[in-house]
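Results of the structural survey
These are the residues of each chain, in order.
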Amino acid sequence: MMKKEIITIGLCMIFVSMILGCSFLGGGSKNETKLTVEQGIGVVGTLNVDELNPGLDGYISLTVRNNLGGESASKVYVSLDNVEPFKIFECGAFHNVSSEIRDCTGEFSLDKYLPYRSHGESKMFPGQELQFYWRLRAPSKTEISNIALRHPIYYDLEYDYRTTFTQNIIFMSQQEVLRRRQAGETYQVEGEASSGAGELRVTGATQQPVTYQFMNPSDITTTESEFPFSLSYAVTNEGKGLPLSDVVVLVELPRGKFDSAKKDIVADNETMSQYGWMKFKDMESEGTNCSTGSGEKNCSTWIQETYGNEFNSLFGTAITEDRLLVKIVKRTDFINEFSLYLPLKLVAGDRTSGMTALKNLQIPIQIYGFKMHNMYRYFTEGSSEIAVFPVRV
């Protein structure tokens, strides 16, 4: 009879645990944090720390998630700080963590040759979650004078990340603007824009519609002149940390809408260079260097390493067709935000492209899609405490 009562009580406790979301295994329930759109990679919940007794072992862990609405991250490193007088157990022994380097492979792909207080993973995909953990040994009761110890411990998280901002820019002929005004119709229209998750948030600042005027609107036998215009953007750090590196800005110019073999939108090299822009091909040949947040590296190499196998599929065609532009924004040139100005032109073209085609085909409105990619290394940090309670008999 007693055995049946014990089983019944046990089942009730399990049922209550499932309903309330409680845990009877120590450490309490986990307060999970949802990532916001301003986070590329974020810490889920807080640093999870076991309460320890003097001289005994426990675990400290940090759960890190890549935002499902973001892009892949690379070279993800998580480190603890202010660990001593605690020791970390790994590679079959306990270690002082101030300077000792790991002499075994480790749990994660980049662990080898890192300090014992650090873990590293080469890549995290959108929506992927990793738990980084360390086994700790508390100081003895003699070392803490046999009184309770509450020890602050810190962590930092850094990673290479990238974001994509897509915006449709509406071009409208002056004739169409006048017609709409006279008819009482809306002419102040703006194309849609979208952005994935990430700490550096892009806002389009281009005045729309971009209004162009034909030289000879009624003469379809003449070739129109090129039409200069510009794009403007604002980039703001809305994350909880700061960029460690320069910011690489890549802009894909759209292909021609009428004939895919031609380009409607082009960039004037001389004017473009005044604002720090260059074609990706030129940057490769010039061997431009970037500050990566962990040293100097050739920009082209750093970009291709960060995008990995995706680089050619994303940018191969744009590079071949000279439609990929790049600008390096130095870390020392901004604190929380910076602005971008990109001078471009709509080509004169012919009956199948550019301004001439817009006139000859009597197209009053045209929409071109532009993509901006930002790439950077980001740093965030946080803290918690470890509690050590002497055993009282």
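1. Brief notes about the packing of aromatic side chains
Under the criterion given, the structure shown has 17 aromatic pairs. Taking the centre distance of 6.3 Å and the plane angle of 45° together, the rings of Tyr-159 and Tyr-378 count as tilted. With Tyr-159 in strand 8 (residues 149–173) and Tyr-378 in strand 21 (residues 365–388), this residue pair connects regions lying 219 residues apart in the sequence. Like Tyr-159, the residue Tyr-378 is buried in the burial classification. Relative to Phe-229, the ring of Phe-227 has its centre 6.4 Å away and its plane inclined at 15°; by these criteria the two rings are stacked.

2. A few points about the state of the cysteines
Considering all chains together, one arrives at two disulfides under this definition. What pairs with Cys-290 in a disulfide is Cys-299, and their sulfur atoms sit 2.0 Å apart. Taking the sign of the S-S torsion, about 105° here, the bridge from Cys-290 to Cys-299 comes out right-handed. Indicated for the protein is the disulfide connectivity 1-2, 3-4, based on numbering the bonded cysteines in sequence order.

3. Things to note about the sheet that holds strand 4 (residues 87–90)
Pairing within the open sheet is antiparallel, and its five strands lie in the order 1-2-7-4-5. Two strands in the sheet have a free side with no partner beyond their single neighbour: strand 1 (41–49) and strand 5 (93–95). Across the sheet, the axes of successive neighbouring strands diverge by a mean angle of 35°, strand direction being ignored. Sheet topology places strand 1 next to strand 2 (residues 57–66); six bridges connect them, and they run antiparallel. Bridge pairing in strand 2 places Asn-48 opposite Ser-61.

4. A short note on the environment of Ser-273
Turning to its location among the elements, Ser-273 is positioned in helix 3 (residues 269–274). Counting along the chain gives 115 residues from Ser-273 to Glu-158, while the straight-line C-alpha distance between them is 32 Å.

5. Some remarks on the domain arrangement of the protein
How large an interface is tends to be reported as the accessible area lost when its parts come together. The domain architecture assigned to the protein consists of domain 1 (41–159 + 380–388) and domain 2 (162–377). One C-alpha centre belongs to domain 1, the other to domain 2, and the line joining them spans 42 Å. At the junction of the two partners, domain 1 supplies 13 residues and domain 2 supplies 16 residues. The interface formed by domain 1 and domain 2 includes four salt bridges. One salt bridge connects Glu-158 with Arg-377, and the closest N-O pair in it is separated by 2.9 Å. The interface formed by domain 1 and domain 2 includes eight residue pairs in polar contact (both at pLDDT 80 or more). At the level of secondary structure, the elements contributing two or more residues to the side of domain 1 that touches domain 2 comprise strand 3 (73–81) and strand 8.

6. Re the packing of helix 5 (residues 299–307) against helix 6 (residues 310–320)
For the pair helix 5 and helix 6, the least separation of the axes is 7 Å and the interaxial angle reads 120°. Our classification of the angle between helix 5 and helix 6 gives oblique. Where helix 5 approaches helix 6, its residues Ile-303, Gln-304 and Tyr-307 are matched on the opposing element by Glu-310, Phe-311, Leu-314 and Phe-315. Among the residues forming the contact of helix 5 with helix 6, the class breakdown is five nonpolar, one polar and one charged.

Cut-offs and rules
- Residues numbered from 1 in each chain as written.
- Predicted model: local features only at pLDDT ≥ 70, side-chain atom pairs only at ≥ 80, totals over all residues.
- Heavy atoms only, no water.
- Phe/Tyr/Trp six-rings, centres within 6.5 Å; stacked < 30°, edge-to-face > 60°.
- Helix = DSSP H or I, 4+ residues; strand = E, 2+ residues; numbered from the N terminus.
- Buried < 20%, exposed > 50% of the residue type's maximum accessible area, 1.4 Å probe, protein only.
- Disulfide = S-S within 2.5 Å.
- Pairing = 2+ DSSP bridges.
- Axes fitted to C-alpha atoms, helices over the stretch in contact; angles between N-to-C directions.
- Domains from an automatic or database assignment.
- Contact = heavy atoms within 4.5 Å.
- Salt bridge = Lys/Arg side-chain N within 4 Å of Asp/Glu carboxyl O.
- Polar contact = N/O pair within 3.5 Å; in protein donor to acceptor, adjacent residues only side chain to side chain.
- Parallel < 35°, antiparallel > 145°, perpendicular 65-115°, else oblique.
- Nonpolar A, V, L, I, M, F, W, Y, C, P; charged D, E, K, R; others polar.

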